[in-house]
There are 10 protein chains.
Amino acid sequence: MLFKVEMTVNIPSSLPAAQAEEIKAKEKAYSQQLQREGKWLHIWRVVGQYANVSLFDVKDNQELHEILTGLPLFPYMEISVQPLCQHPSSIYVEKQ
Amino acid sequence: MLFKVEMTVNIPSSLPAAQAEEIKAKEKAYSQQLQREGKWLHIWRVVGQYANVSLFDVKDNQELHEILTGLPLFPYMEISVQPLCQHPSSIYVEKQ
Amino acid sequence: MLFKVEMTVNIPSSLPAAQAEEIKAKEKAYSQQLQREGKWLHIWRVVGQYANVSLFDVKDNQELHEILTGLPLFPYMEISVQPLCQHPSSIYVEKQ
Amino acid sequence: MLFKVEMTVNIPSSLPAAQAEEIKAKEKAYSQQLQREGKWLHIWRVVGQYANVSLFDVKDNQELHEILTGLPLFPYMEISVQPLCQHPSSIYVEKQ
Amino acid sequence: MLFKVEMTVNIPSSLPAAQAEEIKAKEKAYSQQLQREGKWLHIWRVVGQYANVSLFDVKDNQELHEILTGLPLFPYMEISVQPLCQHPSSIYVEKQ
Amino acid sequence: MLFKVEMTVNIPSSLPAAQAEEIKAKEKAYSQQLQREGKWLHIWRVVGQYANVSLFDVKDNQELHEILTGLPLFPYMEISVQPLCQHPSSIYVEKQ
Amino acid sequence: MLFKVEMTVNIPSSLPAAQAEEIKAKEKAYSQQLQREGKWLHIWRVVGQYANVSLFDVKDNQELHEILTGLPLFPYMEISVQPLCQHPSSIYVEKQ
Amino acid sequence: MLFKVEMTVNIPSSLPAAQAEEIKAKEKAYSQQLQREGKWLHIWRVVGQYANVSLFDVKDNQELHEILTGLPLFPYMEISVQPLCQHPSSIYVEKQ
Amino acid sequence: MLFKVEMTVNIPSSLPAAQAEEIKAKEKAYSQQLQREGKWLHIWRVVGQYANVSLFDVKDNQELHEILTGLPLFPYMEISVQPLCQHPSSIYVEKQ
Amino acid sequence: MLFKVEMTVNIPSSLPAAQAEEIKAKEKAYSQQLQREGKWLHIWRVVGQYANVSLFDVKDNQELHEILTGLPLFPYMEISVQPLCQHPSSIYVEKQ
């Protein structure tokens with residue numbers, strides 16, 4: 001099942017820089033692992049923002065929730081989730 | 001260059017049904033032609049809405065504007081455009 | 001999979017009353033059929049509004065989209081969809 | 001009487017982790033006690049958010065207010081309340 | 001039980017003036033009957049608006065919904081409902 | 001002259017608890033004094049919120065401003081003010 | 001008593017031009033009469049809008065409501081009202 | 001040239017009281033000097049808010065910007081600026 | 001004096017196409033005349049919208065208002081105006 | 001390619017003044033270097049705000065993102081980006 005997820009990151013200035021870098025490194029590894037598993041289909045940077053637009057392909061709502069709350073940057077993110085499905089004009093067959 | 005485009009369709013009830021169907025058929029053909037040309041990379045239906053989330057890969061802003069204003073449903077759409085670029089965590093190399 | 005869906009109905013005054021009544025009768029039958037099938041788990045009226053709050057339990061996003069766009073009142077509704085899942089404090093086990 | 005209540009939790013980073021865990025444990029016990037008493041009918045997690053959608057069945061407005069302000073996490077929550085009632089299309093008879 | 005209700009009236013210019021006057025006369029009679037019954041405790045005009053702020057004292061949510069949807073002007077109103085209860089600083093005892 | 005005033009309280013967690021309690025006690029006494037003087041006609045608690053809906057009957061705008069800015073909790077409040085007047089459907093004669 | 005009032009005019013295209021001109025002429029005469037009486041202290045045009053910012057000095061809320069609902073353009077206006085009073089830094093003494 | 005300016009003050013609780021008082025005293029002197037020079041035509045207090053509505057008569061945009069950013073309270077203010085001009089119904093001739 | 005002006009055009013479907021084309025032709029001539037006079041410094045199309053972002057250099061607020069309300073498409077436009085001035089980092093000297 | 005970018009600066013009061021001045025000096029040099037390179041075409045101050053409206057002419061989305069996230073004040077800015085293109089009424093030929 002497909003979901004568009006938009007994430008905006010707000011790291012508080014009170015977080016020590018070294019700790020922030022460590023969390024970002026974990027975030028990158030976590031994201032790339034899910035990309036390799038085919039669950040995080042796309043991740044694009046929003047121009048001029050510390051934010052991304054992503055596409056997820058998951059088994060169900062529960063799995064998406066666990067992936068998102070497992071993000072190392074989750075405590076510092078605003079997240080919005082939008083369920084998507086096959087568009088009748090698409091020339092591709094999306095996974096359901 | 002990549003852009004996320006969100007389109008919401010509002011066809012007024014005053015438009016005759018036959019004319020609406022003709023416009024929708026043209027819209028589908030127009031969209032599929034651009035998908036085949038590799039300019040309209042993705043189109044997903046938003047669940048519960050007469051709306052879509054799309055990804056475009058175009059040469060420049062001007063080309064995107066011409067594609068969008070050329071949509072047969074353009075007069076009946078609300079459109080929002082967001083420029084995207086490569087995300088440092090992506091395992092893929094996006095086109096610029 | 002569980003989704004909260006909120007629907008607000010705006011029937012234009014230009015719709016003949018008899019036609020409006022016919023659509024509403026179809027809407028009721030359609031809703032009750034889905035309730036009996038166990039897909040439309042709850043429907044509550046919002047106090048003071050021509051609107052409802054509903055819970056759906058569907059196989060996937062695609063099924064929810066088909067149910068919602070099949071509503072006889074769909075052309076006259078504003079709809080918002082929110083994916084839900086098991087809450088760790090719930091004493092019940094929700095369907096995924 | 002039925003109410004939809006939406007709660008979003010924002011625990012400040014200045015709250016010591018041990019204290020936060022203690023409050024969350026109390027919150028869970030408090031919620032489950034009210035679920036067993038039949039006052040907190042449903043609690044669902046919102047996908048991707050530290051938030052829930054809940055249904056309450058209470059005697060009156062005053063009781064709902066006391067339940068909500070008694071939540072151990074109340075000082076860290078944004079809460080919205082919406083009164084609901086029987087929907088004419090529902091195949092169930094809701095409590096008033 | 002107490003509820004604050006705010007109502008804003010938008011009568012479309014397409015409604016014949018005589019019919020509008022008839023509906024307004026029915027609205028006034030309907031409102032005054034409920035005031036005399038002690039269910040519509042207060043109604044104030046909002047300065048510079050075709051709108052009111054009202055207080056209702058009803059048995060339950062269902063009764064409030066029936067009163068509001070029974071308003072002769074209901075099809076032309078935007079309505080918002082807010083449940084209220086006793087304030088600890090009030091020197092009066094409100095009805096629950 | 002009548003005004004609806006809505007107040008929402010946000011006491012920062014940095015305020016010592018004893019000081020917060022002292023301010024709340026002063027607030028209650030201040031409010032009850034104005035209620036006894038007939039200037040603060042009503043105060044209702046908003047269900048699920050640290051907020052109230054109030055009605056004031058004051059000589060003029062200046063008096064209302066002085067009452068509101070004199071609230072012991074004023075520095076911690078968001079306040080909105082709406083001027084009201086006699087509604088033609090009211091069966092009561094409001095003070096001007 | 002002083003009030004800032006902001007008015008935005010939306011004359012529907014269905015109103016015959018002659019009738020619109022007649023209403024605007026009445027509006028101008030009505031406004032100028034109130035300016036001469038010292039009740040409508042100021043009226044400024046908002047640059048680029050069919051809108052104004054105005055200052056009123058009235059006896060009470062009721063008088064302001066009657067003035068505003070008596071505007072010939074009232075059925076075509078959005079109006080917002082904000083009560084004002086003496087500012088401690090003003091070198092002038094405002095009427096209360 | 002005329003501008004409506006609305007200013008809302010938010011002094012953080014971390015600012016020492018003596019320093020806040022000093023800034024407010026400077027603000028008052030600064031405002032009164034500009035009023036005497038005929039540049040700050042009006043300043044009104046918004047009822048129930050630490051905010052004002054003001055009218056400025058300045059030579060050009062640059063002068064208005066310098067006046068506003070020179071306010072001793074500028075770092076603690078939210079400011080909105082709206083250009084105004086002569087209204088055709090005004091019985092006065094405004095300065096351009 | 002510099003102003004950023006944003007214009008969004010909404011031509012109602014009830015306007016006959018020939019009349020709409022005539023208004024658009026007049027709009028173009030009007031805009032180009034003002035560009036040649038050096039008053040309309042820039043006009044850019046917003047990608048995917050029937051809208052523009054413009055820069056004006058005018059003598060005063062009054063002149064800007066007359067230019068904008070003289071636009072042949074003015075009755076079909078939403079317009080927002082923002083006064084600008086010299087930025088201290090600019091390597092150019094803007095006209096005041 | 002042209003983009004309108006709006007930037008609003010919020011420097012937290014916790015940042016030492018000397019450090020803030022150093023960042024602002026770097027920001028100015030960075031901005032002027034990009035202006036000289038012809039990438040940052042315009043920068044205007046918004047009247048009454050610590051904010052600017054800017055025009056950028058860049059090779060692609062990626063370059064714009066790198067320029068914006070490289071701003072010394074980036075961590076303290078809210079940024080909005082709007083892609084622009086040639087307007088058919090413009091008497092100039094914009095770069096694509």
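Before reading further, recall that the structure is shown in the block above.
In this report, we go over the structure that sits alongside the text. Per chain, residues are indexed from 1 in the order of the written sequence. Chain letters start at A and ligand numbers start at 1, both assigned in the order the entries are written. Residue-level local features of this predicted model are given only where pLDDT is at least 70; pairs of side-chain atoms are given and counted only at 80 or more, and the full residue set underlies all totals for whole chains, interfaces and linings. Side-chain descriptors were evaluated using all non-hydrogen atoms of the structure, hydrogens and water having been removed beforehand.

Our focus in this paragraph is helix 2 (residues 61–69) of chain D. Think of an α-helix as 3.6 residues a turn; residues three or four steps apart then line up on the same face. The cut-offs for exposure are 20% and 50% of the maximum accessible area for each residue type, with area from a 1.4 Å probe on protein chains only; residues under the lower value are buried, those over the upper are exposed, and the others partly exposed. Under the scheme used here, helices are H or I runs from DSSP no shorter than 4 residues and strands are E runs no shorter than 2 residues, and both carry numbers assigned from the N terminus. Burial within helix 2 of chain D is extensive, with 7 of its 9 residues counted as buried. Among the residues making up helix 2 of chain D, those that are buried are D:Asn61, D:Gln62, D:Glu63, D:Leu64, D:His65, D:Ile67 and D:Leu68.

By the convention used here, residues are in contact when the closest approach between their heavy atoms is within 4.5 Å. At the junction of the two partners, chain B supplies 6 residues and chain C supplies 8 residues. A buried area of about 530 Å², summed over both sides, lies between chain B and chain C, and 63% of it is on carbon and sulfur atoms. The largest share of the area that chain B buries against chain C comes from B:Val47, B:Gly48 and B:Gln49, three residues that together contribute 80% of it. Only one rule defines a salt bridge in this text: a Lys or Arg side-chain nitrogen within 4 Å of an Asp or Glu carboxyl oxygen. For the pair chain B and chain C, the number of links is 0 salt bridges. Any pair of N or O atoms that falls within 3.5 Å is considered a polar contact. Within protein, one atom must be able to donate a hydrogen and the other to accept it, and sequence-neighbouring residues count only if both atoms are side-chain atoms. Between the two partners, chain B and chain C, sit 2 residue pairs in polar contact (both at pLDDT 80 or more). Any residue that is not Ala, Val, Leu, Ile, Met, Phe, Trp, Tyr, Cys, Pro, Asp, Glu, Lys or Arg is counted as polar, Gly included; the first ten are nonpolar and the last four charged. The class makeup of the residues in the side of chain B that touches chain C is 3 nonpolar, 2 polar and 1 charged. Buried area is a sum: the accessible area each of two parts loses on coming together, probed at 1.4 Å, counted once for each and added.

A few words on the relation of the copies chain B and chain C. Overlaying chain B with chain C gives an RMSD of 0.0 Å, the required rotation being 72° about an axis along which the chain moves by 0.0 Å. What we have between these two chains is a five-fold relation. For chain B, the residue whose C-alpha comes nearest the rotation axis is B:Ser14, separated from it by 8.6 Å. To superpose the copies, least squares is applied to the C-alpha atoms of every residue with a pLDDT of at least 70 in both.

All names here are of chain E. In summary, the pairing rule links any two rings of Phe, Tyr or Trp, Trp by its six-membered ring, whose centres are within 6.5 Å, and it sorts them by plane angle into stacked for under 30 degrees, edge-to-face for over 60 and tilted for everything else. Overall, the coordinates contain 10 aromatic pairs over all chains when judged by the stated rule. On the basis of an interplanar angle of 35° and a centroid distance of 4.6 Å, the ring pair of tryptophan 40 and phenylalanine 56 is categorised as tilted. Remark: phenylalanine 56 occurs in strand 3 (residues 51–57) and tryptophan 40 occurs in strand 2 (residues 40–46); sequence separation between them is 16 residues. There is no split in this pair, since tryptophan 40 and phenylalanine 56 are both buried.

We now examine the pairing of strand 1 (residues 2–9) of chain H. Residues and elements named next belong to chain H. Taking burial as the measure, the 8 residues of strand 1 include 6 buried ones, the bulk of the element. Paired strands, in this sense, are two strands between which DSSP finds at least two bridges. As defined by bridge partners, strand 1 adjoins strand 3 (residues 51–57) across 7 bridges and the pair is classed as antiparallel. Its bridge partner lying in strand 3, threonine 8 is registered against alanine 51.

What follows concerns the arrangement of the chains. The two units chain B and chain F are non-contacting; their minimal C-alpha-C-alpha distance is 31 Å. Between chain C and chain H there is no contact, and the shortest C-alpha to C-alpha distance separating them is 31 Å.

This next bit is on the pattern of salt bridges. Enumeration according to the criterion identifies 60 salt bridges over all chains in this entry. In this structure, C:Lys59 and C:Asp60 form a salt bridge, with 3.9 Å as the shortest nitrogen-oxygen distance. A single network of salt bridges, built from pairs that share partners, joins A:Lys4, A:Glu6, B:Lys4 and B:Glu6.

So, about the sheet that holds strand 4 (residues 77–86) of chain J. Ordered by their spatial adjacency, 8 strands build a closed barrel running 1(I)-3(I)-2(I)-4(J)-1(J)-3(J)-2(J)-4(I), and the pairing between neighbours is antiparallel. If you compare each strand with its neighbour and ignore which way they point, the axes differ by 35° on average. Note: strand 2 (residues 40–46) of chain J against strand 3 (residues 51–57) of chain J, 5 bridges, orientation antiparallel. Bridged to J:His42 within strand 3 of chain J is J:Leu55. Fitting a line to C-alpha atoms yields each axis, with helices limited to the stretch in contact; the angle taken between N-to-C directions then spans 0 to 180 degrees.

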